[in-house]
There are 2 protein chains.
Amino acid sequence: MAARDYGQYCGLTQALELVGERWALLIVRDLLVGPRRYGELAEGLHRIPSNILAARLKDLQAAGVIRRAPRSRVIVYELTPYGRELEPVILAFGAWGFKALGDPRAEQIITPDSMTMDLRTAFRPQVAAGLPATAYAAHFGPAELLIRVDGPTLDLRREEGAADLTFAAGPGIHRVISGELAAEHAIATGVVTVLHGRGELLNRFASTFHLAA
Amino acid sequence: MAARDYGQYCGLTQALELVGERWALLIVRDLLVGPRRYGELAEGLHRIPSNILAARLKDLQAAGVIRRAPRSRVIVYELTPYGRELEPVILAFGAWGFKALGDPRAEQIITPDSMTMDLRTAFRPQVAAGLPATAYAAHFGPAELLIRVDGPTLDLRREEGAADLTFAAGPGIHRVISGELAAEHAIATGVVTVLHGRGELLNRFASTFHLAA
DNA sequence: CCGCATCCCATGTGATACTG
DNA sequence: CAGTATCACATGGGATGCGG
């Protein structure tokens, strides 16, 4: 590692040596949602080569950021307390990057975990507090995310469940969150497909989750 | 770039595609201190190969993070407003990494710009507000940093000037900031050498700049 | 299957040298 | 001084293999 050492004694340099390599922060992002198995991580980061995933998991463990935890016959990876302290950094970094998101390219997908973190970033508790409690079920391809907003609290789960509004969406959903695409227009153009419930609730969704672009 | 694309449409992924490559955030860190010339960047990031520096400057420019600015016959690089929005991210990330800083390795140095950002990270305005205005002049090798604390405001300049305490320090100064090394002990062991002024002022320095480890 | 390890090749990185 | 050019090598990417 000496050759790839930045050669500086500095907080940022140290941070980059711990989690600065390719894919590392994305692994942390997914683990912020919850403990994940090797295969789940590989699925969420669908373009990561398996050797790289294995190497990163090893490095992150050595760095004290994550931990291997045996859970009744299967192994899950989870963040250590130190790793969890990256949450504000990742949220702020994600908010910064969100502003530069252009139109989604053809191969770009959204995964439940990436969407979960983006929604956490975009959640506006003070706005939500003034709105009725609402449950949304969002389908991203085969995956479903249950989004429950109750006053200023947000509960995100990767499961099925009763919702006031059920919709299917692709990457274009981000343009609704950025306010560039009005809810009605998103429905009209097929960016969002309402599967169940009143489509107007998508307006409430858009005001609850908002990040300027 | 398609092959190195993460393939996800997500704020964090986008951020990593803009400034996630090796050395990129360190360039941003140094530019947060002020506009810098090519040679100044190369000096501050003393282990960066010149071709990599040139490539990163080009990429960061294309990403809208930095900008080439001609200043009376010389070219300086400076952050765009969007690039400057990375400051809180970099400060938080640096604070996170600071906690994991072990003992400095032999080849690890501190540069004026890295120290400047670490001091900004560690600065405690509310503590400083309760202390008398103080100016410190810190020597890191050949470079000098003038640190002026006046109430809750911090002024850092890369220049010479009158100071209440002038000291020379190496990377070990970070252990004073983390509180692991008491000021008197730092002086006694030669981690910090007092060049001018009362050594007890290093205690004030340590309480003004503090980051838990 | 799941959790990796191995191969091979494209690309990025690093050291050095060089040019306008 | 501000970059380019070149080349050796390390790392990343993709496919595939393999043991538990």
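See the structure shown above.
Definitions and cut-offs
- Residues numbered from 1 in each chain as written.
- Chains lettered and ligands numbered in written order.
- Predicted model: local features only at pLDDT ≥ 70, side-chain atom pairs only at ≥ 80, totals over all residues.
- Heavy atoms only, no water.
- Axes fitted to C-alpha atoms, helices over the stretch in contact; angles between N-to-C directions.
- Helix = DSSP H or I, 4+ residues; strand = E, 2+ residues; numbered from the N terminus.
- Parallel < 35°, antiparallel > 145°, perpendicular 65-115°, else oblique.
- Left-handed = near helix turned anticlockwise from the far one by under 90°.
- Contact = heavy atoms within 4.5 Å.
- Nonpolar A, V, L, I, M, F, W, Y, C, P; charged D, E, K, R; others polar.
- Salt bridge = Lys/Arg side-chain N within 4 Å of Asp/Glu carboxyl O.
- Buried < 20%, exposed > 50% of the residue type's maximum accessible area, 1.4 Å probe, protein only.
- Near = heavy atom within 4 Å.
- Polar contact = N/O pair within 3.5 Å; in protein donor to acceptor, adjacent residues only side chain to side chain.
- Least-squares fit on C-alpha atoms with pLDDT ≥ 70 in both.
- Phe/Tyr/Trp six-rings, centres within 6.5 Å; stacked < 30°, edge-to-face > 60°.

## Considering the packing of helix H1 (residues 11-19) of chain A against helix H2 (residues 24-33) of chain B
How two helices pack is summed up by the angle between their axes together with the distance between the axes.
Line of reasoning, step 1. Interaxial distance between H1 of chain A and H2 of chain B falls to 10 Å at its minimum, and their mutual angle equals 165 degrees. One element, H1 of chain A, and the other, H2 of chain B, form an angle in the roughly antiparallel class. Pair H1 of chain A / H2 of chain B crosses with right-handed handedness. Residues Leu12, Thr13 and Leu16 of chain A of H1 of chain A form the contact with H2 of chain B, whose participating residues are Leu25, Leu26 and Arg29 of chain B.
Line of reasoning, step 2. Broken down by class, the residue content of the contact of H1 of chain A with H2 of chain B amounts to four nonpolar, one polar and one charged.

## Re the pattern of salt bridges
Residue and element names in this part refer to chain A.
Line of reasoning, step 1. Going through the model one piece at a time under the given rule, you end up with 32 salt bridges over all chains.
Line of reasoning, step 2. Residues Glu87 and Arg120 are paired through a salt bridge, measuring 3.3 Å at the closest nitrogen-oxygen approach. Of the two residues, Glu87 is situated in helix H6 (residues 87-98) and Arg120 in helix H7 (residues 112-122); the sequence distance between them amounts to 33 residues.
Line of reasoning, step 3. Assessed through its relative accessible area of 28%, Arg120 is described here as partly exposed.

## Some remarks on the protein's contact with DNA strand C
Line of reasoning, step 1. Among the 20 residues in the neighbourhood of DNA strand C, the closest are listed as Gly39, Ser50 and Tyr77 of chain A together with Arg22 and Arg56 of chain B.
Line of reasoning, step 2. When the atoms of DNA strand C within 4 Å of the protein are sorted by group, sugar and phosphate make up 64%.
Line of reasoning, step 3. Contact between DNA strand C and Gly39 of chain A: a phosphate oxygen at 2.8 Å from a main-chain N or O atom of the residue.
Line of reasoning, step 4. Between DNA strand C and the protein, one listed contact pairs a base nitrogen with a side-chain N or O atom of Asn51 of chain B at 2.9 Å.
Line of reasoning, step 5. Put simply, the parts of the chain that give the surface near DNA strand C at least two residues each are helix H3 (38-44), helix H4 (50-62) and strand S3 (74-79) of chain A together with helix H4 (50-62) of chain B.
Line of reasoning, step 6. Residues that form the surface near DNA strand C fall into these classes: seven nonpolar, five polar and eight charged.

## Re the protein's contact with DNA strand D
Line of reasoning, step 1. Inspection of the region around DNA strand D gives 20 residues, with Arg22 and Arg56 of chain A together with Arg37, Ser50 and Arg68 of chain B positioned closest.
Line of reasoning, step 2. Backbone atoms, meaning sugar and phosphate, make up 64% of the atoms of DNA strand D lying within 4 Å of the protein.
Line of reasoning, step 3. Residue Asn51 of chain A places a side-chain N or O atom 3.2 Å away from a base oxygen belonging to DNA strand D.
Line of reasoning, step 4. Of all the secondary-structure elements, those providing two or more residues to the surface near DNA strand D are H4 of chain A together with helix H3 (38-44) and H4 of chain B.
Line of reasoning, step 5. Taken together, the residues of the surface near DNA strand D sort by class into six nonpolar, five polar and nine charged.

## So, the relation of the copies chain A and chain B
Line of reasoning, step 1. Of the transformation placing chain A onto chain B, the axial shift is 0.0 Å and the rotation is 180 degrees, giving an RMSD of 0.0 Å. This pairing of chains is accounted for by a two-fold axis. Measuring from the rotation axis to each C-alpha of chain A, the shortest distance belongs to Val89 of chain A, at 2.9 Å.
Line of reasoning, step 2. Taken as a fraction of all interface residues of chain A, those also at the interface in chain B reach 100%, which identifies the copy contact as same-surface.

## Quick look at the packing of aromatic side chains
Line of reasoning, step 1. Taken as a whole and assessed by the stated rule, the structure comprises 14 aromatic pairs over all chains.
Line of reasoning, step 2. Ring plane angle 10 degrees and centroid distance 4.4 Å describe the contact between Trp96 of chain A and Tyr82 of chain B, whose orientation is recorded as stacked. Placement of Trp96 of chain A in helix H6 and of Tyr82 of chain B in helix H5 (residues 81-84) is noted, with the two residues assigned to different chains.
Line of reasoning, step 3. Here the aromatic rings of Phe123 of chain B and Phe209 of chain B are separated by 5.6 Å at their centres, their planes lie at 45 degrees, and the arrangement is tilted. Highlighted residues: Phe123 of chain B in the loop between helix H7 (112-122) and helix H8 (125-128) and Phe209 of chain B in the segment after helix H11 (201-208), separated in sequence by 86 residues.
Line of reasoning, step 4. Judged by relative accessible area, Phe123 of chain B falls into the buried class, the value being 13%.
Line of reasoning, step 5. In this structure Phe209 of chain B comes out as buried when scored by relative accessible area, which is 0%.

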